[in-house]
Amino acid sequence: MSWISIVLISYLLGNISPSYFIGKKFKNLDIREHGSGNAGTTNTLRVLGAKYALIVFVVDFLKGLIATQIGYKAGGLEFALVAAVAVVFGHVFPVLLKFKGGKGVATSVGALLGLFPIYGLIALLLAIALIMKTRYVSLGSIVGMSTLPFILYSARQPRESIITSIVLAGFIIFTHRENIKRLINKTERKLGEKTK
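Residues numbered from 1 in each chain as written. Predicted model: local features only at pLDDT ≥ 70, side-chain atom pairs only at ≥ 80, totals over all residues. Heavy atoms only, no water.

## Regarding a nonpolar patch on the surface
Among the surface-exposed residues, L54, F57, V58, L62 and I66 lie close enough to one another that they form a single nonpolar patch of about 410 Å² accessible area. Relative to the helices and strands, L54 is located in helix α4 (residues 50–75). (Patch = residues over 30% accessible without salt bridge, like charges linked within 9 Å, V, L, I, M, F, W, Y side chains within 5 Å. Areas by Shrake-Rupley, 256 points an atom, 1.4 Å probe, with all protein chains shown as cover. Salt bridge = Lys/Arg side-chain N within 4 Å of Asp/Glu carboxyl O. Helix = DSSP H or I, 4+ residues; strand = E, 2+ residues; numbered from the N terminus.)

Shown next, in the form of structure tokens:
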């Protein structure tokens, strides 16, 4: 399987949007027109509820995990790294949804656990601990993803792996740029907080 095939397959896999399809099928709404306008787990939780949010998280997580495993089988670590970037890009900028997708957290988590199970888990646990402490999902997501490159560097992982983790962390920072502004201004909504 060629590099181009891996990129296309992973990108199209990332295009699958459970939050969009669930919103349309069960509530007759476009999730991107409600709440934060994001087609992801957190907005699904706020707009549709915990049951649907769990489904969205699992499917988005599996997209990242499956893409990396396809990459591994096609050509080892290098193909898996390319697949990870492509699937997250497909989730954030899905051509099937006019390039308006999610923020890439769950898909990135799936990809990173597929690539680096132990180091990815450390970053994930850090993110979860921070979310539980502050109730800011955005803050936990940003910090968890941003620390992974340092974890991989400290563990003397291959340069390509570190670069990929930096790219994925960059995706998360970019998609959370408005959240970062609200965190600085102390107007970011906490998990479970009602809309005022």
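## A word on empty space enclosed by the protein
Here the structure, examined in full by the defined rule, presents one cavity of 30 Å³ or more. The computed volume of the largest cavity comes to approximately 30 Å³. Along its surface, the largest cavity is lined by G14, N15, I16, S17, A39, K63, H91, P94, L97, G101 and G102. Here the lining of the largest cavity is composed, by residue class, of four nonpolar, six polar and one charged. (1 Å grid on protein atoms, 1.4 Å probe; cavity = no way out; pocket = protein on both sides within 12 Å on 5 of 7 lines; lining within 4 Å. Points joined across faces, edges and corners; volume = space filled by probe spheres on them. Nonpolar A, V, L, I, M, F, W, Y, C, P; charged D, E, K, R; others polar.)

## Considering the confidence of the model for the protein chain
Mean pLDDT for the protein chain: 93, with 97% of residues reaching 70 or above. The spread of mean pLDDT over the elements of the protein chain runs between helix α3 (residues 41–47), the lowest at 90, and helix α5 (residues 77–92), the highest at 96. (pLDDT = per-residue confidence, 0-100.)

## Side note on the pattern of salt bridges
A complete count under the given rule lists four salt bridges for this structure. Between D30 and R32 there is a salt bridge, with its nearest N and O atoms 3.0 Å apart. The two residues D30 and R32 agree in class, both being buried. Between D60 and K63 there is a salt bridge, with the nearest N and O atoms lying 3.1 Å from each other. Placement of the pair is D60 and K63 together in helix α4, with a separation of three residues, close to one helical turn. You can call D60 buried: its relative accessible area is 2%. For K63, a relative accessible area of 3% translates into the label buried. (Buried < 20%, exposed > 50% of the residue type's maximum accessible area, 1.4 Å probe, protein only.)

## Quick notes on the layout of surface pockets
Volume-wise, the largest pocket comes out at about 990 Å³. A per-element tally of the lining of the largest pocket places helix α7 (residues 117–134) first, with seven residues. Broken down by class, the residue content of the lining of the largest pocket amounts to 19 nonpolar, 17 polar and six charged. Roughly 330 Å³ of volume is contained in the second largest pocket. Along its surface, the second largest pocket is lined by 16 residues, and N38, G101, K103, T175 and R177 are the ones closest to its centre. Tallying contributions element by element places helix α10 (residues 177–185) first for the lining of the second largest pocket, with four residues. Counted by class, the lining of the second largest pocket contains four nonpolar, seven polar and five charged residues.

## Section: unusual backbone geometry
Leave glycine aside and you will find that most residues have negative phi; peptide bonds, for their part, are mostly trans. Not every positive phi belongs to a glycine, and K98 is a case in point at roughly 60 degrees. Relative to the helices and strands, K98 resides in the loop between α5 and α6 (105–115). The backbone of F99 shows a phi angle near 65 degrees, a positive value even though the residue is not glycine. Along the chain, F99 falls in the loop between α5 and α6. Using a relative accessible area of 49% as the deciding quantity, one classes F99 as partly exposed.

## Structural notes on the side chain of K103
In this structure, K103 sits in the loop between α5 and α6. Within the structure, K103 has its side chain in polar contact with the side chain of N179 (distance 2.6 Å). Excluding residues that lie within four positions of it along the chain, K103 makes contacts with N38, H91, V92, I172, T175, H176 and N179. (Polar contact = N/O pair within 3.5 Å; in protein donor to acceptor, adjacent residues only side chain to side chain. Contact = heavy atoms within 4.5 Å.)

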